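So you can see what is in the structure, the chains are spelled out below.
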Amino acid sequence: MAVKKLSDQETLPNARSHPISIEHVTKSYGSDVVVDDLSFTVTPGRVTGFLGPNGAGKSTTMKILLGLASPTSGQATIGGLAYGELANPTGTVGASVESDAFHPGRSGRNHLRILADATDTPLERVDEVLELVELSAAANRHAGAYSLGMKQRLGLAAALLCDPPVLVLDEPGNGLDPQGIRTLRNLLRTRAADGNTVFVSSHLLGEVEQLADDIVVINQGRLVTQGSLAEMRQSASLVRAASPEALRVALEGAGGVVESRQPGALVVRDLSLDEIGEQAFRAGIALHELSRHTDSLEDRFFAWTGDATSGVTESNTKEEL
Amino acid sequence: MNWLRTVRAELRKLTSTKMPLGFLIVFVVIGAATAIAVAFGTDMDGSKTFISTAADQQSLMAFAGNAFVIAGLFGAIAVAREYGHGTVVLTFLITPRRPQAVLAQYASVFVGGSVLGLVAAGVSAGSVAAGLTATDFGFMVSAADLAQVLAASTLAGGAGAVLGAGVGAFVRNTGGAVTGTILLLVILPPLAVQMVNETATWVPSILANVVSGIDNVVGMGAAIVAIGIWALVPAAIGLVAVTRRDVV
């Protein structure tokens, strides 16, 4: 799904010049540390999923990035500048951080017209983005009568109004029907393929699994991991052995991280297939299977976030997987 | 130019919901009650001396005091609902320099409040005129005095709206902002007068009467300045609060 360009809008800055950088950001409310020395980058040209349990600090981080909240320390920049320093903020960053940030008595079209007025965007663009998010039929209805999915679409339309090279979206898939999720996925992937920066928080792991190129995982305000989703999922090996417990001891002794899965099966990280084979041979343990293992994102997520994932409802994750 | 665009957007916010219509209905109801009172009401002795002079009629149609309070509620609701509905997030995304955004809000509610004040005074004057047709008295207020009544209500409406907007920006909750505005304009002034008699001259209702030409306890210039101070102090407090706080 191609995004229509504004014909009479000033030339946008180079789309590839807007990486997002979070540098040692800490945010405290009194003694409550919500974000704790968080650092990561979001690369243009890729969709980056931002994951964490409820209360992990995702929304706070996004609000700091967008200048809506001040960090206690550290800085968040877009293309090297804080949001408030951008010459053309809405022309650079399209954001949706509140799924229901609409006056319930105002129509969807008028909501976007207000944004168009404020950003000097031609009013025709309002109809373009309404069509883009498939909300044209309901554009004149009051936003208060919209379903959650329709509100998400309206929020996305607002983010796309100025055709910005950076998108920052907080839980954009919430409430969308399967068709809407597919439309959203195609839209975001197309924008990333065009060299734009796409940063999306979500706790719908199945959706992120299909959408994101990279992921950033935080828990209790701290970075857990960051990198290519494909590499992370494939960085493990599956071993079946006659004596799995003995093998576990041997592998852990060699520096591996070992998880027990099905009876007799171990998932091993931080050791190559060769190293696992050698350790098994030295321990005199017969192997029944040794292969590369691809985890689901859900498995990895729970491994990364441990017990603290109680904030992520299982229904949310299993529903999507 | 950017700031003017923000003001334009804020004005569209005010006009794209039914809130102004609600206030207009309030004015029409008050106007209807005024017309009925003029047409059928009497003094204690059964006479209609309360409409027998130009000054009496001007006093009846002077709406600046009410405009100050009603436009105050308008401003409070207009700004506080931005926080309640979360639309302030978009406001600050579009205009990250918050003082600019807040000043644009204040400018728009000043315009909106002024228009409300003017319309309210117009409805009030029209109601008095309509009520007089059912009496033996004619419309005696001069064009100049009528213009002063309209101008006073326009000024009071704008100032009240800015005051309410300041309260709304500070409180960020519609119910709280409405309560705060009523406290500030309706409940606290009489209490202040009870405690310090000299303050009576400077309460909004008296100042509104002065600018409407139906009282002269202070000079016109002093009254206008005092009305401005009533509006600007809460507005400044709201501005500082918004600038310092996170949007949560």
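Residues numbered from 1 in each chain as written. Chains lettered and ligands numbered in written order. Predicted model: local features only at pLDDT ≥ 70, side-chain atom pairs only at ≥ 80, totals over all residues.

Caption draft 1: Main features of the overall build of chain A. Check the secondary structure of chain A and you find twelve helices and 13 strands. Once the C-alpha set of chain A is aligned to its principal axes, its extents read approximately 75 × 40 × 35 Å. Within chain A, the fraction of its 321 residues that count as buried is 46%. (Helix = DSSP H or I, 4+ residues; strand = E, 2+ residues; numbered from the N terminus. Buried ≥ 20, exposed ≤ 12 C-beta atoms within 10 Å, placed from the backbone.)

Caption draft 2: Up close: the overall build of chain B. When you go through chain B residue by residue, the secondary structure sums to ten helices and zero strands. What you see in chain B, going N to C, is helices and strands ordered as α-α-α-α-α-α-α-α-α-α. By principal-axis analysis of the C-alpha atoms, chain B measures approximately 60 × 40 × 30 Å. For chain B, buried positions account for 49% of its 248 residues. Intrachain contacts of chain B at a sequence separation of at least 6 include 83% that bridge at least 24 residues. (Contact = placed C-beta atoms within 7 Å.)

Caption draft 3: View of the sheet that holds strand β12 (residues 265-269) of chain A. Residues and elements named next belong to chain A. Taken in spatial order, the four strands make up an open sheet running β11-β12-β10-β13, and their pairing is antiparallel. With partners counted over all chains shown, the strands left at the sheet margins are β11 (257-260) and β13 (287-293), one partner each. For this sheet the average axis-to-axis angle between neighbouring strands, irrespective of direction, equals 25 degrees. With four bridges joining them, β11 and β12 adopt antiparallel strand pairing. In the strand pairing of β12, E259 is matched with V267. (Pairing = 2+ DSSP bridges. Axes fitted to C-alpha atoms, helices over the stretch in contact; angles between N-to-C directions.)

Caption draft 4: Focus on the sheet that holds strand β1 (residues 20-29) of chain A. Residue and element names in this part refer to chain A. Pairing is antiparallel across the open sheet formed by three strands, whose spatial order is β2-β1-β4. Bordering the open sheet on either side are β2 (32-42) and β4 (73-78), each of which pairs with just one other strand. Each neighbouring strand pair of the sheet contributes to a mean axis angle of 20 degrees, computed without reference to strand direction. In terms of strand pairing, β1 meets β2 through seven bridges, oriented antiparallel. In the strand pairing of β2, I20 is matched with V42. Lying over the sheet, helix α1 (residues 58-65) contacts β1, β2 and β4, oriented at roughly 115 degrees with respect to β1.

Caption draft 5: How the structure looks around the packing of helix α1 (residues 2-15) of chain B against helix α6 (residues 98-132) of chain B. Residues and elements named next belong to chain B. It is at 8 Å that the axes of α1 and α6 come closest, and there the two elements cross at 50 degrees. By the angle between their axes, α1 is oblique relative to α6. When you trace α1 past α6, the crossing you get is right-handed. Between α1 and α6, the residues in contact are W3, T6, V7, E10, L11 and L14 and Q100, A101, A104, Q105, A107, S108, V111 and G112, respectively. (Parallel < 35°, antiparallel > 145°, perpendicular 65-115°, else oblique. Left-handed = near helix turned anticlockwise from the far one by under 90°.)

Caption draft 6: Highlighting the confidence of the model for chain B. Summary statistics for chain B give a mean pLDDT of 94 and a share of 100% for residues scoring 70 or more. Across the interfaces of the predicted complex, the ipTM metric reaches 0.84, alongside a pTM of 0.84. (pLDDT = per-residue confidence, 0-100.)

Caption draft 7: Representation of the interface of chain A and chain B within the structure. Taken residue by residue, the interface counts 28 residues in chain A and 22 residues in chain B. Within the residue set of the side of chain A that touches chain B, elements represented by two or more residues are α2 (89-92) and α3 (108-119) of chain A. Tallying contributions element by element places α3(A) first for the side of chain A that touches chain B, with seven residues.

Caption draft 8: Structural view of the environment of A95(A). Inspection of the secondary structure puts A95(A) in strand β5 (residues 93-96). Remark: the alpha-carbon pair of A95(A) and P71(A), spanning 24 residues in sequence, is separated by 19 Å. Ignoring sequence-local partners within four residues, the contact set of A95(A) consists of L66(A), A159(A), V168(A) and L93(B).

Caption draft 9: Spotlight on the pairing of strand β8 (residues 214-219) of chain A. Residues and elements named next belong to chain A. Counting buried residues in β8 gives six out of six residues, a clear majority hidden from the surface. Residues D214, V216 and I218 of β8 are buried on one face, and the alternating residues I215, V217 and N219, pointing to the opposite face, are buried as well. As paired strands, strand β3 (residues 47-51) and β8 are joined by four bridges and run parallel to one another. By the bridge assignment, G49 is partnered in β8 with I215. Across six bridges, β8 lies against strand β9 (residues 222-228) in antiparallel orientation. From the neighbouring strand, N219 faces β9, where its bridge partner is R222. Counted along the chain from β8 to the antiparallel partner β9, the turn is two residues long, and its residue Q220 has a positive phi close to 50 degrees.

Caption draft 10: Fine view of α1(A). All names here are of chain A. With eight of eight residues buried, α1 is to be regarded as a mostly interior element. Those residues of α1 lying buried are K58, S59, T60, T61, M62, K63, I64 and L65. G67 occupies a position one or two residues after α1 and carries a positive phi of about 75 degrees.

Caption draft 11: Representation of unusual backbone geometry. Residues and elements named next belong to chain A. The backbone of D120 sits at a positive phi, close to 55 degrees, despite the residue not being glycine. Within the secondary structure, D120 sits in the loop between α3 and α4 (124-132). Positive phi values are uncommon outside glycine, yet D270 reaches one of about 70 degrees.

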